[in-house]
Number of protein chains: 2
Amino acid sequence: MKKVGVAILGFGTVGSGTYRILTEHKEFYKETQGVEITVESVLEKDKQRALDAGVPKEAIASNIAEVICDPDVGIVVEAIGGIGAAREYVLAALNAGKTVVTSNKELFCKYSHELERAAKRMNAGLYFEASCVGGVPIIRTLLDGLQANKITSMMGIINGTTNFVLTKMTENGASYEEAVKEAQKLGFAELDPTADVEGFDAAYKLSILSSLAFHTKVPFAKVFREGITEITKQDIADGKELGYRLKLLAIGKQSNSGIEVRVHPTFVPEVHPLAAVNDSFNAVFLKGDSVGDIMLYGRGAGALPTGSAIVSDIIYAATHTENRYSTFKNTANADKDVTFISDFRSAFYLRVSASDKSGVLSKICAVLAKFNVSIEKMAQRDEGEGKATLTFVTHETRELAVRNAIARVNALGFAQVQSVLRVVS
Amino acid sequence: MKKVGVAILGFGTVGSGTYRILTEHKEFYKETQGVEITVESVLEKDKQRALDAGVPKEAIASNIAEVICDPDVGIVVEAIGGIGAAREYVLAALNAGKTVVTSNKELFCKYSHELERAAKRMNAGLYFEASCVGGVPIIRTLLDGLQANKITSMMGIINGTTNFVLTKMTENGASYEEAVKEAQKLGFAELDPTADVEGFDAAYKLSILSSLAFHTKVPFAKVFREGITEITKQDIADGKELGYRLKLLAIGKQSNSGIEVRVHPTFVPEVHPLAAVNDSFNAVFLKGDSVGDIMLYGRGAGALPTGSAIVSDIIYAATHTENRYSTFKNTANADKDVTFISDFRSAFYLRVSASDKSGVLSKICAVLAKFNVSIEKMAQRDEGEGKATLTFVTHETRELAVRNAIARVNALGFAQVQSVLRVVS
């Protein structure tokens, strides 16, 4: 029977979930995986919290040095978050030859090169399944399940908070502010929800996932990012009428022209498998050149789902001595040979408020046509007081063309573009 | 750079798809996986077929001995199917110390014990991702992505042919016979569709997947199996009206009372993620005690999707020397300590044709009540000529209770149960 000792750094949601799974399933892993996993050490400022969860007093460490120097600890779980102490502790653990399992997307996104270098030098393992999409084994799938494929595109709902907010706005007609409040009340959003609602969290994950999918470093700085804070009830309602559901999508594409990576609110046709991914659920929809369309769906956060990913990594680490790192050339910066596309192609939804006079629509259409923005559908509704609202869905077009067309429409004097959203076509 | 030579046994859909992926992606795998994979040998009766696909003449073997004795062949892909030559050749390859990658669900379901024994003895690898759910890496996920979990249930649409047939019946109101004909015309069904429509194919796969999920051998003989040949337009239409979609589900459950495994047509609520899995797509919906609900969705068959699974296994085999077998105790028979449940619990849909007289409904309800079959919904429609059709959906109940109740209803003389289908509740 293989034996391995684990230290858990940070005993919040993720750390305590991991502890619970490991202690409750100890016999189960001996039987089914042939490995005995013991939690030797827990490092947590709030010691009482750890004691309350049943961690024995002698397993509670006072500082990182105690953990690093403990010869019984083979695997260190980092569940602190952020890039301060987490980075320092993880590097210390790797430099001491300990294998590290982390759920920290910001850390791995920004410092994977540094961490992998340290791990390789010390022949330690480095695992990060829990950093992306919680319990869904998307990283294992990219590394060991779909290697046969050139992945051409990836579209994911990879932030549970924003998906919960958008679902509430869609189902209950809630405003953005109301939906965020409900999410906070239920523990799906932080008191300061910036990292989620501005798309940072999704962008970290997209950086990691697209690096793996496209076999090259995709730095965070290359990810275009637009959050959901400007989304209105009207956007959601108009989209519904046109047969769309609004999702914060993380999109990665690779073609001969280069790589594009972007996080932004997007209208998804209601028949698309991603349209049915609601509440705090996550999903990643991939296209591979051999496998075709494939989707993984599950819980993207939470103590036990994220703990499931961490513990699965621990078991993997305990039973593998090979293939312990990611398979892209891991550097701090993007490969110089790789082109990153910033003038994306997409279909667009535009909502325009205009004077309700004859000739107005044709003038707006003329501007769009001038910039080669062709229209797939449009609708008009009378708002009274000489005003009308026009909604357009365009065919796929260049982002820059749409931006230029919008500036020109606004300059007409009698029309104002109120909302611009991308559409999955 | 690691180098590995591959032999492909059988050059039908799967074998030729595998050949195409390996030859087109040779440089890609060198770059991204650090492994050079060369097809050294193809064994196929119809040599012209292989030549037409571009296999060089000198790579076409005349018999299995040539393949086995070729020192350049490290990995043998079995894409013959069935349990005749396939079994013999796979055993010969393993006994010669070659690693085997197979897409053969019947072979692995029935003979995994024999194959794994030979593989272990010779220190050869044995991989079978392509045997279940085509390109979807469900086996890798169970082995290396969800090990932290006790899997409590599994529900899958794991046969593309029957899903195509049921989708056509649902969307176009086609009869079973018409839908099968269309599937045959489009290549989704064999000329003799028995293995698919009678549920054998799904039962082989369920045996393999539930053995992995539940960490114990689940023999084919333990899988309850009911096909879709008796399904009528009326069943589909009635289900639609009640908010259900009919799917051939493969269901595995594990609890303290034991394991149950069954393949049968099942009504799925239209809001369930599996209800939206249409045409020849497959999906597996799992519940793990930590991860919660998780679903994998993709193409369950076809040259390239199945080739994707085979080639991913080849790459895994070429880059791993550890963990090359399944992780359940692999024997020919079920573990004596394991109880297999045959009196399942399920909700049921019943369609009853009855005389349209007062008192009839109450007598039928009384019979159901007597057997503790409680009713969740019911509807009645007048068929004219003194006849009425009653449809019932029951609460979850024991299978045996429903069977006994049906026999008693039929014995009433004025009522005949025309259709009995299980319902996901």
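The residue numbering used here restarts from 1 in each chain and proceeds along that chain's sequence as written. Throughout, the order in which chains and ligands are written sets their labels, letters from A for the former and numbers from 1 for the latter. It should be noted that, the model being predicted, local features are given only for residues of pLDDT at least 70 and side-chain atom pairs only at 80 or more, the latter also being counted only at that level, while totals for whole chains, interfaces and linings use all residues. Side-chain numbers here rest on the full set of heavy atoms in the structure, without hydrogens or water.

Visitor: Which residues make up the packing of helix α14 (residues 360-370) of chain B against helix α15 (residues 399-410) of chain B, and what are the values?
Guide: Residue and element names in this part refer to chain B. Fitted lines through C-alpha atoms serve as axes, helices being fitted only where they are in contact, and the angles separating the N-to-C directions of these axes extend from 0 to 180 degrees. Numbered from the N terminus, helices here are DSSP runs of H or I no shorter than four residues, and strands are runs of E no shorter than two. Following both chains from N to C, one finds α14 and α15 inclined at 150°, their axes separated by 9 Å at the closest point. Regarding the angle of α14 to α15, the classification is roughly antiparallel. Every pair of crossing elements has a handedness; the one defined by α14 and α15 is right-handed. Contacts between α14 and α15 involve Ile 364, Val 367, Leu 368 and Lys 370 on the former and, on the latter, Ala 405, Arg 408 and Val 409. Any angle between 65 and 115 degrees counts as roughly perpendicular, while under 35 counts as roughly parallel, over 145 as roughly antiparallel, and the rest as oblique. By the definition used in this description, the sense in which the near helix is turned from the far one sets the handedness, with an anticlockwise turn below a right angle giving left-handed and a clockwise turn giving right-handed. Residues are treated as being in contact if the distance between any of their heavy atoms lies within 4.5 Å.

Visitor: So what about the relation of the copies chain A and chain B? Which residues, and what values?
Guide: Once chain A is rotated about the relating axis by 180° and shifted along it by 0.0 Å, it coincides with chain B to within an RMSD of 0.0 Å. Read as a symmetry element, the transformation amounts to a two-fold axis. The rotation axis passes nearest to the C-alpha of Leu 296 of chain A in chain A, at a distance of 2.3 Å. Both copies contact each other with a shared surface, as 100% of the interface residues of chain A are interface residues in chain B too. Superposition of the copies was done by least squares, using only C-alpha atoms of residues whose pLDDT is at least 70 in both.

Visitor: Go over the environment of Leu 143 of chain A, please, and point to the residues and values.
Guide: Residues and elements named next belong to chain A. Mapped onto the secondary structure, Leu 143 falls in helix α7 (residues 138-144). A relative accessible area of 11% places Leu 143 in the buried class. Residues in contact with Leu 143, not counting those within four places in the same chain, are Leu 212, Ser 326 and Thr 327. Here the term buried applies to any residue with accessible area under 20% of the maximum for its type, exposed to any over 50%, and partly exposed to those in between, with areas from a 1.4 Å probe on protein chains only.

Visitor: So what's going on with the packing of helix α8 (residues 160-172) of chain B against helix α9 (residues 176-185) of chain B? Which residues, and what values?
Guide: Residue and element names in this part refer to chain B. Running from amino to carboxyl end, α8 crosses α9 at an angle of 125°, the nearest separation of the two axes being 9 Å. If you check the angle between α8 and α9, you find them oblique. Along this stretch, α8 crosses α9, giving a crossing that reads as right-handed. Taken together, the residues of α9 that come into contact with α8 (itself represented by Phe 164, Val 165, Lys 168, Met 169 and Asn 172) are Tyr 176, Ala 179, Val 180, Glu 182 and Ala 183.

Visitor: Tell me what's going on with the pairing of strand β12 (residues 292-299) of chain A, and back it up with residues and numbers.
Guide: With respect to burial, β12 of chain A is a largely interior element, seven of its eight residues being buried. A pair of strands is treated as paired once DSSP finds two or more bridges between them. One ladder, built from eight bridges, connects strand β11 (residues 281-288) of chain A with β12 of chain A; its direction is antiparallel. Pairing of Gly 288 of chain A across the sheet is with Gly 292 of chain A, part of β12 of chain A. Bridge analysis of β12 of chain A against strand β12 (residues 292-299) of chain B gives five bridges, and the strand direction is antiparallel. Looking at the pairing, Gly 298 of chain A lines up with Ile 294 of chain B of β12 of chain B.

Visitor: Let's hear about the interface of chain A and chain B: which residues, and what values?
Guide: If you look at the interface, chain A gives 44 residues, while chain B gives 45 residues. When two parts are put together, the accessible area they lose, computed with a 1.4 Å probe and summed over both, is reported as buried area. On the chain A side of the contact with chain B, Gln 147, Ala 148 and Tyr 297 of chain A bury the most area, a combined 15% of that side's loss. Salt bridges are identified by distance alone: a Lys or Arg side-chain nitrogen within 4 Å of an Asp or Glu carboxyl oxygen. Inspection of the chain A/chain B interface yields zero salt bridges. Here a polar contact is recorded for every N or O atom pair within 3.5 Å, except that within protein the pair must consist of a potential hydrogen donor and a potential acceptor, and residues adjacent in sequence are included only if both atoms are side-chain atoms. The interface formed by chain A and chain B contains 21 residue pairs in polar contact (both at pLDDT 80 or more). Elements with a contribution of two residues or more to the side of chain A that touches chain B: α2 (26-33), α7, β12 and α13 (303-319) of chain A. A per-element tally of the side of chain A that touches chain B places α13 of chain A first, with eight residues. We call Asp, Glu, Lys and Arg charged. Ala, Val, Leu, Ile, Met, Phe, Trp, Tyr, Cys and Pro are nonpolar, and the rest, Gly among them, are polar. Broken down by class, the residue content of the side of chain A that touches chain B amounts to 19 nonpolar, 18 polar and seven charged.

Visitor: I'd love a proper account of the pattern of salt bridges, names of residues and values included.
Guide: All names here are of chain B. The tally for this structure, following the rule as stated, stands at 46 salt bridges over all chains. Note that Lys 3 is salt-bridged to Glu 36, the shortest N-O span being 3.8 Å. Of this pair, Lys 3 sits in strand β1 (residues 2-9) while Glu 36 is found in strand β2 (residues 35-43), placing the two residues 33 residues apart along the sequence. Residue Lys 3 is classed as exposed on the basis of its relative accessible area of 65%. Exposure remark for Glu 36: the relative accessible area of 16% places this residue in the buried category.

Visitor: I'd like a rundown of the side chain of Asn 330 of chain B, residues and numbers included.
Guide: All names here are of chain B. Locating Asn 330 in the fold gives a position in the loop between α13 (303-319) and β13 (345-355). On the basis of relative accessible area, Asn 330 is assigned to the buried category, the value being 17%. Within polar-contact distance, the side chain of Asn 330 engages the side chain of Glu 116 at 3.2 Å. Apart from residues lying up to four places away in sequence, Asn 330 is in contact with Ser 112, His 113, Glu 116 and Lys 217.

Visitor: Which residues make up the sheet that holds β1 of chain B, and what are the values?
Guide: Residue and element names in this part refer to chain B. The strand order across the open sheet built from six strands is β3-β2-β1-β4-β5-β6, with neighbouring strands paired in parallel fashion. Across the chains shown, the open sheet's two edge strands, defined by having one partner strand only, are β3 (60-61) and β6 (126-127). Across two bridges, the pairing between strand β5 (residues 99-102) and β6 is parallel. Across the sheet, Val 101 pairs through a bridge with Tyr 127, a residue of β6.

Visitor: Report on the nonpolar core, specifying residues and quantitative values.
Guide: When a protein is soluble and globular, its nonpolar side chains tend to lie buried together. In terms of nonpolar packing, the biggest core is built from 166 residues, with Ile 138 of chain A together with Ile 138 of chain B touching the most fellow members. In this view, Ile 138 of chain B contacts Glu 129, Cys 132, Val 133, Leu 209, Val 284, Leu 286 and Leu 296 of chain B; residues no more than four positions away in its chain are not counted. Among the buried residues, those of types Ala, Val, Leu, Ile, Met, Phe, Trp, Tyr and Cys that are joined through side-chain atoms within 4.5 Å form a nonpolar core.

Visitor: Lay out the packing of aromatic side chains with the relevant residues and their values.
Guide: Two aromatic rings from Phe, Tyr or Trp, using only the six-membered ring of Trp, form a pair when their centres are within 6.5 Å; if the ring planes differ by under 30 degrees the pair is stacked, by over 60 it is edge-to-face, and anything between is tilted. Counting across every chain of the model gives 22 aromatic pairs over all chains. Ring centres of Phe 281 of chain A and Tyr 297 of chain A lie 4.9 Å apart, and the angle between their planes is 5°; this geometry places the pair in the stacked category. Placement of Phe 281 of chain A in strand β11 and of Tyr 297 of chain A in strand β12 is noted, with a sequence separation of 16 residues between them. The class of Tyr 297 of chain A is buried, set by a relative accessible area of 8%. Summarising the aromatic geometry, the rings of Phe 267 of chain B and Tyr 349 of chain B are spaced 5.0 Å apart at their centres and angled 75° between planes, so their arrangement reads as edge-to-face. Of this pair, Phe 267 of chain B sits in strand β10 (residues 258-269) while Tyr 349 of chain B sits in strand β13, placing them 82 residues apart in sequence. Accessibility classification places Phe 267 of chain B together with Tyr 349 of chain B in one group, the buried group.

Visitor: Can you lay out the confidence of the model for chain A for me, pointing to particular residues and giving the numbers?
Guide: Predicted coordinates in regions of low pLDDT should not be interpreted in detail. Note on scores: pLDDT gives the predictor's confidence for each residue, bounded by 0 and 100. Within chain A, residue pLDDT values average 96, and 100% of them lie at 70 or more. Both confidence scores are given for the complex: pTM 0.96, ipTM 0.95.

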